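Here is how the chains run, residue by residue.
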Amino acid sequence: MPPDAGAGVPALLAEAAALDAAHAATDLRARFLLPAGLVYLDGNSLGALPAAVPPAVADAVARQWGQDLVSSWNTHGWWDAPGRVGDAVGRLVGAAPGQVVAGDSTSVRLHQALHGAVRLRPDADVLVTDPGSFPTDLYVTDGVAEQTGLEVVHATPPEVPAVLDRLAAAGRRAAVVSLSQVDYRTGELWDLPALTRAAHAHGALALWDLCHSAGAVPVGLDEHGVDLAVGCGYKYLNGGPGAPAWVYVAARHLPHVHNVLPGWHSHARPFAMAAGHAPAPGPERLRVGTPPMLSLLALEAALTAFDGVDVEDVRVRSLSLTAFLRRCLEALVPGVAFASPAQDDRRGSQVAVRHPEAYGVVRALAARGVVGDFREPDIVRLGVAAPYLTHGDMAVAAQHLAEALAADEHRDARWTERATVT
Ligand SMILES: *Cc1c(COP(=O)(O)O)cnc(C)c1O
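Note that the coordinates shown come from a computational prediction; the quantities given were computed from them, not determined experimentally. (Residues numbered from 1 in each chain as written. Predicted model: local features only at pLDDT ≥ 70, side-chain atom pairs only at ≥ 80, totals over all residues. Heavy atoms only, no water.)

Undergrad: Quick question: what am I supposed to make of the overall build of the protein here?
TA: Tallying secondary structure elements over the protein gives 13 helices and 15 strands in all. Scaling as 2.2 N^0.38, a compact globule of 422 residues should have a C-alpha radius of gyration of about 22 Å, and the protein matches this with 22 Å. Taking the principal axes of the C-alpha coordinates as reference, the protein spans close to 75 × 65 × 40 Å. Out of the 422 residues belonging to the protein, those deemed buried represent 55%. In the protein, 72% of the contacts between residues at least 6 apart in sequence involve partners at least 24 apart. Between the centroid of the 32 positive side chains of the protein and the centroid of its 45 negative side chains there is a distance of 3 Å. (Helix = DSSP H or I, 4+ residues; strand = E, 2+ residues; numbered from the N terminus. Rg over C-alpha atoms; globule rule 2.2 N^0.38 Å. Buried < 20%, exposed > 50% of the residue type's maximum accessible area, 1.4 Å probe, protein only. Contact = heavy atoms within 4.5 Å. Lys, Arg positive; Asp, Glu negative; His and termini not counted. Charge placed at Lys NZ, Arg CZ, Asp CG, Glu CD.)

Undergrad: For this particular structure, what's the right way to read the packing of aromatic side chains?
TA: Enumeration over the complete set of coordinates arrives at 8 aromatic pairs. Ring centres of tryptophan 73 and tryptophan 78 lie 5.4 Å apart, and the angle between their planes is 85°; this geometry places the pair in the edge-to-face category. Relative accessible area serves as the criterion here: at 23%, tryptophan 73 is assigned to the partly exposed category. A residue is classified by how much of its surface remains accessible, and tryptophan 78, at 9% relative accessible area, is buried. Measuring from ring centre to ring centre gives 5.4 Å for tyrosine 359 and phenylalanine 374, while their planes differ by 85°; the resulting arrangement is edge-to-face. (Phe/Tyr/Trp six-rings, centres within 6.5 Å; stacked < 30°, edge-to-face > 60°.)

Undergrad: Please explain unusual backbone geometry as it appears in this structure.
TA: Peptide bonds are mostly trans, and most non-glycine residues show a negative phi. The residue after glutamate 376, namely proline 377, is reached through a cis peptide bond having omega -5°. Summarising the element assignment, proline 377 is placed in the loop between strand S14 (373-375) and strand S15 (379-383). For methionine 273, which is not glycine, the phi torsion reads 50° and is therefore positive. With respect to the secondary-structure elements, methionine 273 resides in the loop between strand S10 (246-249) and helix H9 (293-303). A positive phi angle, near 60°, is found at aspartate 408, a position not held by glycine. One can find aspartate 408 in the loop between helix H12 (391-406) and helix H13 (413-416). Residue aspartate 408 is classed as partly exposed on the basis of its relative accessible area, which comes to 37%.

Undergrad: How should the sheet that holds strand S12 (residues 350-354) be read in this particular structure?
TA: Strand pairs in the sheet, formed through backbone hydrogen bonds, run parallel or antiparallel to each other. In spatial order, the strands read S11-S12-S15-S14; together these 4 strands make up an open sheet with antiparallel pairing. Sheet topology places strand S11 (337-338) and S14 at the edges, where each strand pairs with a single neighbour. Here S14 pairs with S15 via 3 bridges, running antiparallel. The residue of S15 that forms the bridge with arginine 375 is isoleucine 379. On the sheet, helix H10 (residues 311-332) packs against S11, S12 and S15 and is oriented at approximately 30° with respect to S12. Across the face of the sheet, helix H11 (residues 358-367) comes into contact with S14 and S15 while running at roughly 40° to S15. (Pairing = 2+ DSSP bridges. Axes fitted to C-alpha atoms, helices over the stretch in contact; angles between N-to-C directions.)

Undergrad: Looking at this structure, how should I read H11?
TA: Given 3.6 residues to a turn, an α-helix orients residues that are three or four positions apart in the same direction. Most of H11 is tucked away: 7 of the 10 residues are buried. Taken together, the buried positions of H11 are Ala358, Tyr359, Gly360, Val361, Val362, Ala364 and Leu365. Of the surrounding elements, those touching the buried residues of H11 are strand S13 (370-371), S14, S15, H12 and H13. Following H11 by one or two positions, glycine 369 adopts a phi angle in the positive range, close to 85°.

Undergrad: When you look at the nonpolar core in this model, what are you seeing that I'm missing?
TA: Proteins that are soluble and globular tend to have nonpolar side chains buried together. Residues Leu210, Leu221, Leu237, Trp246, Tyr248 and Leu329 are the most contacted members of the largest nonpolar core, which totals 92 residues. The residue makeup of this core includes at least three contributed by each of domain 1 (9-28 + 309-416) and domain 2 (54-306). Sequence-distant contacts of leucine 237, that is, excluding residues within four places in its chain, are made with Val89, Leu92, Ala214, Gly215, Cys232, Trp246, Leu299, Ala302, Leu303 and Phe306. Ranked by size, the runner-up nonpolar core spans 25 residues in total, among them Leu114, Ala117, Val249 and Val257. (Core = buried A, V, L, I, M, F, W, Y, C linked by side-chain atoms within 4.5 Å. Domains from an automatic or database assignment.)

Undergrad: Just checking my understanding: could you explain the pairing of strand S6 (residues 151-154) for this structure?
TA: Along any regular strand the residues' side chains alternate between the sheet's two faces. With 4 bridges joining them, strand S5 (residues 126-129) and S6 adopt parallel strand pairing. In the sheet register, valine 126 faces S6, and the bridge partner there is glutamate 151. In the classification by handedness, the crossover that spans S5, the intervening helix H6 (residues 135-148) and the parallel S6 is right-handed. (Right-handed = clockwise from strand over helix to strand, strands pointing away.)

Undergrad: Looking at this model, I keep getting lost on the pattern of salt bridges. Mind explaining?
TA: Where side chains of opposite charge bring their charged atoms close, a pairing between them can arise. One pass over the structure, following the stated rule, counts 20 salt bridges. Ionic pairing is found between aspartate 393 and arginine 29, a salt bridge with its closest N-O pair at 3.4 Å. On the criterion of sequence distance, the pair formed by aspartate 393 in helix H12 and arginine 29 in the loop between helix H1 (5-22) and strand S1 (32-33) is long-range, its members being 364 residues apart. Residue glutamate 409 is joined to arginine 368 by a salt bridge in which the shortest nitrogen-to-oxygen separation is 2.8 Å. Placement of the pair is glutamate 409 in the loop between H12 and H13 and arginine 368 in the loop between H11 and S13, with a sequence separation of 41 residues. Each of Asp125, Glu151 and Arg172 takes part in a single network of salt bridges with overlapping partners. (Salt bridge = Lys/Arg side-chain N within 4 Å of Asp/Glu carboxyl O.)

Spelled out as structure tokens, the structure:
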């Protein structure tokens, strides 16, 4: 530790207290159940448990399933839940009702969205995506390319406009530009409006993966003319392990979008039990089969943690927290190397730090009650889910990181051996 680190901690804690008082209106900690004393900085992997979830799940099991049984499909609105939960997600990502449906995993939703895009652009021969995307996004994109005969062209977000120009000059045409709004490793926030315009300028559709945005960063899907989007339910939306994902299709595309995985739940008249498939008119046309109802109802209850709150307010709190966390780390951790951008408008809701022994650092921190996560090859990822974190938590996390490094705890043999899930 630098010689003044000890003196720095009380000052930072005092500053944290003042900031927490100034941001008291957006402190939603009381809406969550978190173990006392834990600083949970992994809400971008598995969000914390909202207090509304346990009673909702207990009711879904004991009363809806146990007592009311099959009638619950009607009486408890089970059948309509995917669209209803989709609309609740839509409010957080700037989508008017009737364009989002919940269910299945992000990987499945991405398959559907990419296939849908290819069908909407029948003359195209290329799919453009970021080589730094989350692996499942790359695997799915390669799979869809194989299934459709299109070619994948890689471009990082800053390269996208030039790559689209080059493709056009070569007489080629992209069906879709498929990107994550926030980089899962570094937390870099890309310019969704500008990249969406760049795609449109070349006749391509814009497909955004919002796994690290939904519930944390304002997106403005309708406002910016985005065509398609997907996201998961268990990160900043706090829907629980394996929570249903969701897909957005802009209203102008809904009548035409093709579902590559049609099932009886995507039928316009599911209970006609007709031999041929006729797609539902709304986003329900992207449903597949029977949804995991307990998980869907858990997600629905989880989303009530955002009741009365705009994601813009969550963003203000998040930026204050991540900026303060950066300052605490700079003050307390000698030579700290940030992977996340310093500029507010380029930073999602996490602070990633590079360290050659990042895995041991994450484990040593967890042993001190500060839970972050490790991402290959050298990233200590500190996710900041603003609704349930405070500036005080940021100061405490930075202090533990400084102390763990100073004491070489990250080199302890207990913390360097890899667990199954890193
Ligand atoms: C978390 C995440 C996923 C997860 O995909 P699942 O199919 O839900 O497991 C996909 N893409 C991105 C960018 C993610 O961050």
